[in-house]
Amino acid sequence: MQDRLVDRTKVAHSKHRGPLAAAYAAKRPEDVAALYDCWSQTYDADMSAAGYRHPTICLALLARHLPRGAAPLLDAGAGTGLIGEWLDITGYPLVEALDISEGMLAQAARKGVYSALHCLALGGKLPFADDAYAGIISAGVFTSGHVGAEGLDELIRICRPGGIIVLTVKNTLWEAGFAARIAELEAQGLITRIEETRPYVSMPGETDTVPSRGLALRVT
């Protein structure tokens, strides 16, 4: 508990650089969780001001490749539930949320669009059955200081054959082994890359933002 309090203090002092910069610089999952707990109250407004694009792009990719009503879905890295609201509106009413931050999930719960909330970290073993989900969406998670290619295998395991995984990947990770891992998984016949966007800036309102890309993968 004392370590957690110390971590939260460090997060609070890092806010002069902006919570986003602190999130990218985080080294441990508990640091990421503490930062997002502190940020949860203003996250939606801050990301709106930054012109945050990942949720819209992920929603477009999912709607293009997964039929309306497909269920259940997992919002992996749900945050405050930005995508959950839009999934509900556009015809995907049975969605579960997963996030590392209790504070962010508390905000998501207030929106009333998730059938279940899971406070868990991506990157290790997940407590879900094989083939549990018809689709998975993960926006802004595969990025600096968060989750790398090690998080892919579990998402593939819990997504049923024929299901769709939509995610965004920061170019820094893409060029540091993520692209190679995607190619390996394709060669192994575990996934098919059915769509890949061109690189884009996820937050036009932020300076020095490294581009990302969106991917739609079909589990085979």
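Heads up: the structure comes first, above all this text.
Residues numbered from 1 in each chain as written. Predicted model: local features only at pLDDT ≥ 70, side-chain atom pairs only at ≥ 80, totals over all residues. Heavy atoms only, no water.

Asks: Describe the packing of helix 5 (residues 54-65) against helix 6 (residues 82-89), and please don't skip the residues or the numbers.
Replies: With their axes 10 Å apart at the nearest point, helix 5 and helix 6 run at an angle of 35 degrees to one another. You can see that helix 5 and helix 6 cross each other, and the crossing is right-handed. Residues Pro 55, Thr 56, Cys 58, Leu 59 and Leu 62 of helix 5 touch helix 6, and the partners they reach there are Leu 82, Ile 83, Trp 86 and Leu 87. Considering only residue class, the contact of helix 5 with helix 6 consists of eight nonpolar, one polar and no charged. (Axes fitted to C-alpha atoms, helices over the stretch in contact; angles between N-to-C directions. Helix = DSSP H or I, 4+ residues; strand = E, 2+ residues; numbered from the N terminus. Left-handed = near helix turned anticlockwise from the far one by under 90°. Contact = heavy atoms within 4.5 Å. Nonpolar A, V, L, I, M, F, W, Y, C, P; charged D, E, K, R; others polar.)

Asks: I'd like a rundown of the pattern of salt bridges, residues and numbers included.
Replies: For the structure on display, the rule yields nine salt bridges. Residue Glu 195 pairs with Arg 64 through a salt bridge whose shortest N-O separation is 2.5 Å. One end of the pair, Glu 195, is in strand 6 (residues 191-196); the other, Arg 64, is in helix 5, with 131 residues separating them in the sequence. Of the residues examined, Arg 64 reaches a relative accessible area of 54% and is grouped as exposed. Sharing partners across several salt bridges, the network here consists of Glu 186, Arg 193, Glu 196 and Arg 213. (Salt bridge = Lys/Arg side-chain N within 4 Å of Asp/Glu carboxyl O. Buried < 20%, exposed > 50% of the residue type's maximum accessible area, 1.4 Å probe, protein only.)

Asks: For the pairing of strand 2 (residues 95-99), give the residues involved together with the corresponding values.
Replies: Looking down a regular strand, the side chains alternate between one sheet face and the other. Burial of strand 2 is extensive: five of the five residues sit out of reach of the surface. Here strand 2 shows no split at all, with Val 95, Ala 97 and Asp 99 on one side and Glu 96 and Leu 98 on the other all buried. Two elements, strand 1 (residues 73-76) and strand 2, share four bridges in a ladder whose sense is parallel. Along strand 2, the bridge assignment pairs Ala 76 with Leu 98. Handedness of the crossover is the feature at issue here: the chain leaves strand 1, passes through helix 6, returns alongside strand 2, and the resulting connection is right-handed. Judged from the four bridges that link them, strand 2 and strand 3 (residues 116-119) form a sheet pairing that is parallel. Within strand 3, the residue paired with Glu 96 across the bridge is Ala 116. (Pairing = 2+ DSSP bridges. Right-handed = clockwise from strand over helix to strand, strands pointing away.)

Asks: Provide a residue-level description of the sheet that holds strand 1, including the pertinent values.
Replies: Here we have seven strands laid out as an open sheet, ordered 3-2-1-4-5-7-6, and mixed in their pairing. Edge positions in the open sheet fall to strand 3 and strand 6, since each of these has one partner strand only. Shown here is a sheet whose adjacent strand axes are inclined to one another by a mean of 20 degrees, direction ignored. Pairing geometry for strand 4 (residues 133-142) and strand 5 (residues 159-170), over six bridges, is parallel. Within the sheet, the bridge partner assigned to Ile 136 lies in strand 5 and is Ile 165.

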